[in-house]
Number of protein chains: 2
Amino acid sequence: MLSIEQIKYFLAIVEYGSLNKASQYLFISQPALTKQLSLLEKSLGCSLLLRTPTGIKLTPAGRYFYERCNLIMETINETIKQIKSFDKENVIRIGGLPNLITYFLPKYIEKLKMMNYEVYIEAMHTNSQLINSVRNGFLNIAFVSDAVQESDIAIVPLVVEPFFVVMSASHPMVKTEEIDFLSVVKEKLILYKAPCPIRAAIRNHCSLMGVTPNITLELELTESLINYVEKGFGITIVPKMVADSMSSQGVIAREIKKFPLHRVVSAVLKKDCVSSYKSLLFDI
Amino acid sequence: MLSIEQIKYFLAIVEYGSLNKASQYLFISQPALTKQLSLLEKSLGCSLLLRTPTGIKLTPAGRYFYERCNLIMETINETIKQIKSFDKENVIRIGGLPNLITYFLPKYIEKLKMMNYEVYIEAMHTNSQLINSVRNGFLNIAFVSDAVQESDIAIVPLVVEPFFVVMSASHPMVKTEEIDFLSVVKEKLILYKAPCPIRAAIRNHCSLMGVTPNITLELELTESLINYVEKGFGITIVPKMVADSMSSQGVIAREIKKFPLHRVVSAVLKKDCVSSYKSLLFDI
DNA sequence: TGAATTTACGATGGACGTAACAATG
DNA sequence: CATTGTTACGTCCATCGTAAATTCA
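- If you check an unreviewed UniProt entry, chain A appears there as DNA-binding transcriptional LysR family regulator from Fonticella tunisiensis.
- The UniProt entry for chain A carries the following comment under Sequence similarities (unreviewed entry): "Belongs to the LysR transcriptional regulatory family."

Here's what the structure looks like:
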């Protein structure tokens, strides 16, 4: 049976290039290491390295196994590190939608570090992933957009912010005095693919107003909307905090004034934790 | 010390919902399981599950650990599966660029299966990844595009194929009788980001002819060029075998007749393996 | 001969099982 | 009292270390 010890031994052998040196590093005798290595090879049914009088040399299978062992050990070590933080009092795990993490969380994180918390940050792309992580205890707090109330979990509204249109500087709409939502959704829209809370908010606003958005391009959640706007493929709609922090030259952000839509940024936390985190959330 | 056995035990406990049932499934006594579980929790410094008279209930840390254990075991099992195939005589590992895998390999694979080989397929995005995999023995054969000869490895040319332009049906160039490369690269080009052998071939052809391609959109290697052509963002250039197998209605593929460019599809293999795979590569 | 790995074998400790115990509904 | 999990203790096998053997430069 493969064991973690054997994996560690194998990694040491490869890294030190000899059983001898590896055995010294591992504080075991060299015969013991030989034994474990042959047991490992036997259990895998495959030769991993060639023994030479000058040291060892990896076989193809050995090279593959070495890479995989590194991956396995990294996964295990990361797991142990996370787990060890779970029962520590001064650790707080915070999650949020990527744009909230980027633009909104920094001030909270500063404050938490002042209070001697170790902070773990985790970005997730959907509200439901985040809410579930709070529910099952992986996150202490999650920051979401337009979440609906649920019975078992507290959703605390924090800010309401308007949406902005982002378009290239040469776009005719730049000259319009008061930008309205109905004109905006007739333009070529670039949005993220579902599931994306902003996309959902726009669709919802559209159906309330009885129009269909003209979505011409749908991006993966990992790509940058602004890049595509800059290249002239269309316009996009982003929340104020994203618009505020844009630095691109070629694009312009303008608030949607007529028939505006807003999003509510909320904190999600367990009901019995609301009181303990209340001061953190509001005293800013 | 964390061990793989402990991970397996923990997974069984969670899945069976009780130490009792898990111990039966694992063919060990229930006290032994209790012992291992408490050792695990002690080594992690963290409680993983709450014991109740009706069974067990996961703590947040336990839920996290459960997910990670699944990931770890999947990684380990996949590794063992791959390794076991390494020294088997009847296993052959083949790699290739994604489009070669999709359009070109199937006939080889059929043939290999006829010959009672177990075939492992691995797609990689660059020639150099593939060539390295052959060099270090992870792959027996790799199919690449426009590879240059290297001293230590054999590169066997297999087919030369022309490139096609892909454009929307309404594009003016559809009406041109003889499509030429110089006009094509003046159009809005959609290509994959570097590193991409096709992109490299196009850039190379351009610099030979003293022109600059008008690349307006660069996609991630995981996205579909054709989708973006269909939506009217520009045109693209693909090898014949990709063009031949397109089924989209809205787009049309036409061969580049004037100043054409070609790609050479080659098989990469170790020099001392050429003779043994020769019949496979050419007898089709 | 010296540097490497492998084989042989006795010692030790960790993991197991049995049996007895404790708690909950 | 039936089901759950825990504690106690003796047994046994896996892994270790020491020492001797082997192989290659």
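Past the structure itself, the notes keep going.
Details of the environment of B:Phe164
All names here are of chain B.
Alright, step 1. As for its placement among the helices and strands, Phe-164 is situated in strand S6 (residues 153-168).
Alright, step 2. Residue Phe-164 is classed as buried on the basis of its relative accessible area of 10%.
Alright, step 3. With 73 residues separating them in the primary sequence, Phe-164 and Ile-237 have C-alpha atoms 5.6 Å apart.
Alright, step 4. Beyond its immediate chain neighbours, meaning those up to four positions away, Phe-164 contacts Thr-236, Ile-237, Val-238, Lys-240, Ala-243, Ala-253, Arg-254, Glu-255 and Ile-256.

Focus: the packing of helix H4 (residues 60-86) of chain A against helix H4 (residues 60-86) of chain B
Alright, step 1. Between H4(A) and H4(B), the shortest axis-to-axis distance is 10 Å and the interhelical angle comes to 175°. The pairing of H4(A) with H4(B) is recorded here as roughly antiparallel in orientation.
Alright, step 2. Among the residues forming the contact of H4(A) with H4(B), the class breakdown is 18 nonpolar, 6 polar and 4 charged.

Details of the side chain of B:Glu223
Alright, step 1. Mapped onto the fold, B:Glu223 is located in the loop between strand S8 (215-219) and helix H10 (225-230).
Alright, step 2. It turns out B:Glu223 is buried and unbridged, and the closest side chain with the opposite charge, A:Lys193, is 5.0 Å from it.
Alright, step 3. Sequence-distant contacts of B:Glu223, defined by excluding residues within four places in its chain, comprise A:Glu220, A:Glu223, A:Tyr228, B:Tyr192 and B:Tyr228.

Digging into the UniProt feature "domain: HTH lysR-type" (unreviewed entry) in chain A
Alright, step 1. Residues annotated in UniProt with the feature "domain: HTH lysR-type" (unreviewed entry) correspond here to residues 2-59 of chain A.
Alright, step 2. For residues 2-59 of chain A, the helix share is 62%, the strand share is 14%, and the end-to-end C-alpha distance is 19 Å.

Digging into the protein's contact with DNA strand C
Alright, step 1. Neighbouring residues of DNA strand C: 18 residues in total, closest A:Leu19, A:Gln30, A:Arg51, B:Tyr9 and B:Ser29.
Alright, step 2. The sugar and phosphate moieties of DNA strand C supply 72% of its atoms located within 4 Å of the protein.
Alright, step 3. Here A:Asn20 contributes a backbone N or O atom positioned 3.1 Å from a phosphate oxygen of DNA strand C.
Alright, step 4. Take A:Thr34: an N or O atom from its side chain is 3.4 Å from a phosphate oxygen of DNA strand C.
Alright, step 5. Those elements that provide at least two residues to the surface near DNA strand C are helix H2 (19-26) and helix H3 (30-44) of chain A together with helix H3 (30-44) of chain B.

Section: the relation of the copies chain B and chain A
Alright, step 1. Screw-axis analysis of chain B against chain A gives a translation of 0.1 Å along the axis, an RMSD of 0.2 Å, and a rotation angle of 180°. Interpreted geometrically, this transformation is the action of a two-fold axis.
Alright, step 2. The residues that chain B uses at the interface reappear at the interface of chain A in 100% of cases, marking a shared surface.

As for the nonpolar core
Alright, step 1. One finds A:Phe10, A:Phe65, A:Phe143, B:Phe10, B:Phe65, B:Ile83 and B:Phe143 to be the most contacted residues of the largest nonpolar core, which totals 126 residues.
Alright, step 2. Setting aside chain neighbours within four positions, we find B:Phe65 in contact with A:Thr79, A:Ile83, B:Leu2, B:Phe10, B:Leu40, B:Leu44 and B:Leu48.
Alright, step 3. Within the second largest apolar cluster, 67 residues are counted, among which are A:Leu217, A:Ile226, A:Val251 and B:Val242.

Some thoughts on the state of the cysteines
Residue and element names in this part refer to chain A.
Alright, step 1. This structure, assessed with the given rule, holds 0 disulfides over all chains.
Alright, step 2. With no disulfide of its own, Cys-206 has Cys-196 as its nearest cysteine by sulfur position, at a separation of 14 Å.
Alright, step 3. Using a relative accessible area of 1% as the deciding quantity, one classes Cys-206 as buried.

So, the protein's contact with DNA strand D
Alright, step 1. The local shell around DNA strand D holds 19 residues, among which A:Tyr9, A:Ser29, B:Gln30, B:Thr34 and B:Arg51 are the closest.
Alright, step 2. Atoms of DNA strand D within 4 Å of the protein: sugar and phosphate make up 72%, bases the balance.
Alright, step 3. Note that a base nitrogen of DNA strand D is positioned 3.2 Å from one of the side-chain N or O atoms of B:Gln30.
Alright, step 4. Listing elements by their share of the surface near DNA strand D, those giving two or more residues are H3 of chain A together with helix H2 (19-26), H3 and strand S2 (55-58) of chain B.
Alright, step 5. Sorting elements by how many residues they give to the surface near DNA strand D places H3(A) first, with 4 residues.
Alright, step 6. Class assignment for the residues of the surface near DNA strand D results in 11 nonpolar, 7 polar and 1 charged.

Conventions and cut-offs
Residues numbered from 1 in each chain as written. Chains lettered and ligands numbered in written order. Predicted model: local features only at pLDDT ≥ 70, side-chain atom pairs only at ≥ 80, totals over all residues. Heavy atoms only, no water. UniProt positions renumbered as here; feature names shortened; annotations may be inferred. Helix = DSSP H or I, 4+ residues; strand = E, 2+ residues; numbered from the N terminus. Buried < 20%, exposed > 50% of the residue type's maximum accessible area, 1.4 Å probe, protein only. Contact = heavy atoms within 4.5 Å. Axes fitted to C-alpha atoms, helices over the stretch in contact; angles between N-to-C directions. Parallel < 35°, antiparallel > 145°, perpendicular 65-115°, else oblique. Nonpolar A, V, L, I, M, F, W, Y, C, P; charged D, E, K, R; others polar. Lys, Arg positive; Asp, Glu negative; His and termini not counted. Salt bridge = Lys/Arg side-chain N within 4 Å of Asp/Glu carboxyl O. Near = heavy atom within 4 Å. Polar contact = N/O pair within 3.5 Å; in protein donor to acceptor, adjacent residues only side chain to side chain. Least-squares fit on C-alpha atoms with pLDDT ≥ 70 in both. Core = buried A, V, L, I, M, F, W, Y, C linked by side-chain atoms within 4.5 Å. Disulfide = S-S within 2.5 Å.

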